[in-house]
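So the chains spell out like this:
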Amino acid sequence: MHFCEKPGEQFNNAYWNGEQMVFGEGYAAPLDVTAHELTHAITDRTADLVYECQSGALNESFSDIFASNVDTDDWEIGEDLPGGPLRDMADPGRFGDPAHVDDYDTRPNDDDPFNDHGAVHSNSGIPNHVYYLIVQNIGRKDAEQVMYRVLTEELEPTSGFEDFRTASLKVARDLFGERSSQYAQIDQSFAAVGLDGSWVAPEVEGC
Amino acid sequence: MLRRTRSSRVVFAKMRSAVLIAGLMTLAIAGCGGDDESPAGSGGPGSSGDAQLAGPLTFTRGGGIAGRADKLVVQPDGSVSLTTRSGGERAVKLEPAELQTIADNADSADLAGLPEDSTAGRTQPDAFGYRVVYDGATVTTESGSVPDRMGPLVATLSKIVDRLGAK
């Protein structure tokens with residue numbers, strides 16, 4: 001446990017450093033923020049999604065997905081933070097994040113902090129919105145079971161958005177069958193954001 | 001507001017158990033400090049208190065749980081402009097005392113003597129990344145790895161970015 005000694009200087013963030021979760025004042029209280037950081041630890045030890053480009057956006061998205069699973073009465077992330085919400089999985093565009101692959105953020109993956117490892121937070125809006133649609137279509141209980149298996153059993157470090165779709169459909173087939181409504185609805189949810197098995201990602205420097 | 005479903009509790013309990021079993025759970029709470037363990041404030045050891053900016057100073061802060069992308073440019077006359085991810089830009093003029101603090105902090109940081117890459121060298125999801133470009137030197141660093149003598153500068157500039165209200 002580490003407490004800072006000089007009050008009055010706010011650290012406005014929470015992060016996972018590979019060994020610890022670090023919380024600024026007011027950032028440890030919201031359940032979805034804690035779950036978000038905890039899920040980064042899970043991802044580290046399971047799919048180990050590389051924190052850049054599409055795999056980094058998936059890394060961020062899974063943290064939001066499981067945050068939403070424990071804070072279930074809205075689709076905002078961080079609404080109880082001192083500065084208010086950071087993202088909206090139902091409406092990513094509300095915070096400038098894409099909800100469809102046509103609006104993919106093409107900031108490069110370089111060492112400039114401005115570009116956020118190839119826009120990992122921004123582009124998480126796309127898989128975030130997929131999950132929102134899946135829950136609307138099949139319910140959270142089935143949706144979260146699919147996502148947990150996708151993250152812990154199916155994805156690999158360099159998986160991208162289409163790999164996410166393929167993995168989700170595989171798990172849906174395993175759990176519910178290929179002719180199930182769950183399978184069909186998951187397929188439609190991905191298609192709604194432009195992921196139908198044929199999406200070709202834009203060329204992004206460093207990705 | 002924080003209602004949990006039974007199934008989500010089961011899934012999340014699995015996740016928490018995995019982390020606990022792996023022995024990963026160490027909690028750090030940073031209740032203060034402009035960033036990390038570095039105290040904010042003017043100068044510090046070696047600060048003259050009457051330094052002046054030798055030219056424009058550019059401060060970039062990216063990432064964080066919010067996915068920020070902020071670029072702040074401070075001119076020697078106290079004019080500052082902040083550019084954000086959305087393309088929005090704000091321009092203001094700093095009070096002389098705050099400009100003096102930045103100049104003193106920059107002087108004490110002695111950026112030219114720091115490694116250009118002062119990052120941890122490992123993945124830190126949601127950590128802030130920082131870059132300062134000033135007087136011919138460029139230093140890139142991140143939360144948890146900010147060099148001690150650069151900490152006050154990062155803290156001062158972060159406060160200005162926060163105050164200007166960037167997402």
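Residues and elements named next belong to chain B. Of all seven residues in strand β3 (residues 68-74), six are buried, a share of seventy percent or more. Strand direction decides the pairing type here: strand β2 (residues 57-63) and β3, joined by seven bridges, are antiparallel. Along β3, the bridge assignment pairs Arg-61 with Asp-70. In this antiparallel pair of consecutive strands, β2 and β3, the connection spans four residues, and Gly-64 shows a positive phi of 75 degrees.

Attention now goes to the nonpolar core. One finds Ala-14, Tyr-131, Ile-134 and Met-147 of chain A together with Leu-72 and Val-132 of chain B to be the most contacted residues of the largest nonpolar core, which totals 84 residues. If you tally residues by element for this core, the top one is helix α4 (residues 125-138) of chain A, at eight residues. Sequence-distant contacts of Val-132 of chain B, that is, excluding residues within four places in its chain, are made with Leu-57, Phe-59, Leu-111, Val-139 and Leu-153 of chain B.

So, on to helix α5 (residues 140-154) of chain A. Along its 15 residues, α5 of chain A runs 20 Å from first to last C-alpha, staying within 8% of the 21 Å computed at 1.5 Å per residue. Every buried residue of α5 of chain A is listed here: Asp-142, Ala-143, Glu-144, Val-146, Met-147, Tyr-148, Val-150 and Leu-151 of chain A.

Residues and elements named next belong to chain B. Averaged over chain B, the pLDDT score is 80; the fraction of residues at 70 or greater is 70%. Taken element by element, chain B is modelled with least confidence in helix α1 (residues 6-21), mean pLDDT 50, and with most confidence in β2, mean pLDDT 98. The low-confidence segment residues 1-6 (pLDDT under 50) makes 11 contacts with residues lying over four places distant or belonging to another chain. In the predicted complex, the global pTM is 0.88; the interface-specific ipTM is 0.94.

Attention now moves to the sheet that holds β3 of chain B. In a beta sheet, neighbouring strands pair by backbone hydrogen bonds and run either parallel or antiparallel. Residue and element names in this part refer to chain B. Taken together, the seven strands give an open sheet; going across it, the order is β5-β4-β3-β2-β7-β8-β6, and neighbouring strands pair in mixed fashion. Sheet topology places β5 (89-93) and β6 (117-118) at the edges, where each strand pairs with a single neighbour. Pairing analysis gives five bridges linking strand β4 (residues 79-84) to β5, with the strands arranged antiparallel. Residue Ser-81 lies in a different strand from β5, and its bridge partner there is Ala-91. Running at roughly 105 degrees to β3, helix α3 (residues 151-163) makes contact with β2, β3, β4 and β7 (128-134) of the sheet.

Each value, and the rule that gives it
- Residues numbered from 1 in each chain as written.
- Chains lettered and ligands numbered in written order.
- Predicted model: local features only at pLDDT ≥ 70, side-chain atom pairs only at ≥ 80, totals over all residues.
- Buried ≥ 20, exposed ≤ 12 C-beta atoms within 10 Å, placed from the backbone.
- Helix = DSSP H or I, 4+ residues; strand = E, 2+ residues; numbered from the N terminus.
- Pairing = 2+ DSSP bridges.
- Core = buried A, V, L, I, M, F, W, Y, C linked by C-beta atoms within 7 Å.
- Contact = placed C-beta atoms within 7 Å.
- Expected span 1.5 Å × (residues − 1).
- pLDDT = per-residue confidence, 0-100.
- Axes fitted to C-alpha atoms, helices over the stretch in contact; angles between N-to-C directions.

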